[in-house]
Amino acid sequence: MTKNEGKVNLTTNQRFAIARGREQGRVLRQLAEQFKVDRSTFGKFLKHWRAQNGQPGKRRHSRAPVTNHQTDRNIVRASRSNPRLSAPQVLDQVSPRGSPVASGRTIRQRLNDAGMFGKRPVKKPYISDRNRAARVAWARAHLNWTQSQWERVL
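Residues numbered from 1 in each chain as written. Predicted model: local features only at pLDDT ≥ 70, side-chain atom pairs only at ≥ 80, totals over all residues. Heavy atoms only, no water.

Draft legend 1. Representation of the packing of helix α1 (residues 12-23) against helix α2 (residues 28-35). Interhelical geometry of α1 versus α2 gives an angle of 150 degrees and a closest axis separation of 10 Å. With respect to their mutual orientation, α1 and α2 come out roughly antiparallel. Judged by the sense of rotation from one axis to the other, the crossing of α1 with α2 is right-handed. Where α1 abuts α2, its residues Q14, A17, I18, G21 and R22 lie against L28, L31 and F35. (Axes fitted to C-alpha atoms, helices over the stretch in contact; angles between N-to-C directions. Helix = DSSP H or I, 4+ residues; strand = E, 2+ residues; numbered from the N terminus. Parallel < 35°, antiparallel > 145°, perpendicular 65-115°, else oblique. Left-handed = near helix turned anticlockwise from the far one by under 90°. Contact = heavy atoms within 4.5 Å.)

Draft legend 2. Just the confidence of the model for the protein chain, in detail. In this model, the protein chain carries a mean pLDDT of 82, and residues with pLDDT of at least 70 account for 88%. At the low end of the mean pLDDT range in the protein chain sits helix α3 (residues 39-51), at 78; at the high end sits helix α7 (residues 129-141), at 95. (pLDDT = per-residue confidence, 0-100.)

Draft legend 3. Just the pattern of salt bridges, in detail. Going through the model one piece at a time under the given rule, you end up with two salt bridges. Residue D72 pairs with R110 through a salt bridge whose shortest N-O separation is 3.3 Å. One end of the pair, D72, is in helix α4 (residues 69-81); the other, R110, is in helix α6 (residues 104-113), and 38 residues separate them in sequence. Of the charged contacts, one joins D129 and R132 as a salt bridge, the two residues approaching to 3.4 Å between their closest N and O atoms. Of the two residues, D129 and R132 are both situated in helix α7; the distance of three residues between them amounts to about one turn of the helix. What makes D129 exposed here is its relative accessible area of 62%. (Salt bridge = Lys/Arg side-chain N within 4 Å of Asp/Glu carboxyl O. Buried < 20%, exposed > 50% of the residue type's maximum accessible area, 1.4 Å probe, protein only.)

Right, dumping it as structure tokens:
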């Protein structure tokens, strides 16, 4: 039996052939010699094959998410309650003291998934005292207008 160096990736055809050979009663040693792979590789493969009910199985291309649905909702809620918060500040609000849930990048990704992109709200100028007084005077002057008077505005 020859042993390959490093990790062995079995093709889909090889996987089906191994499964068929095992169903026909062939021994792991025979299959290992035929495919030139270590017997432990077959043991691991067959264990996964049985767990997946004979399906080839999907390969996972990414890690499991760090946050759950509830944490994602809390991230979005914290950002909506105060849109001026940065990602690290949202992280401080969401995670308990001393145990961060995720990184700042994860926070930004969760906000992007919710349609909230890295844009801060525009700072609006304050209303000056003079303008405030003019607005109050206008509102008091028009306080007792009738419906017909308001209908003539635009």
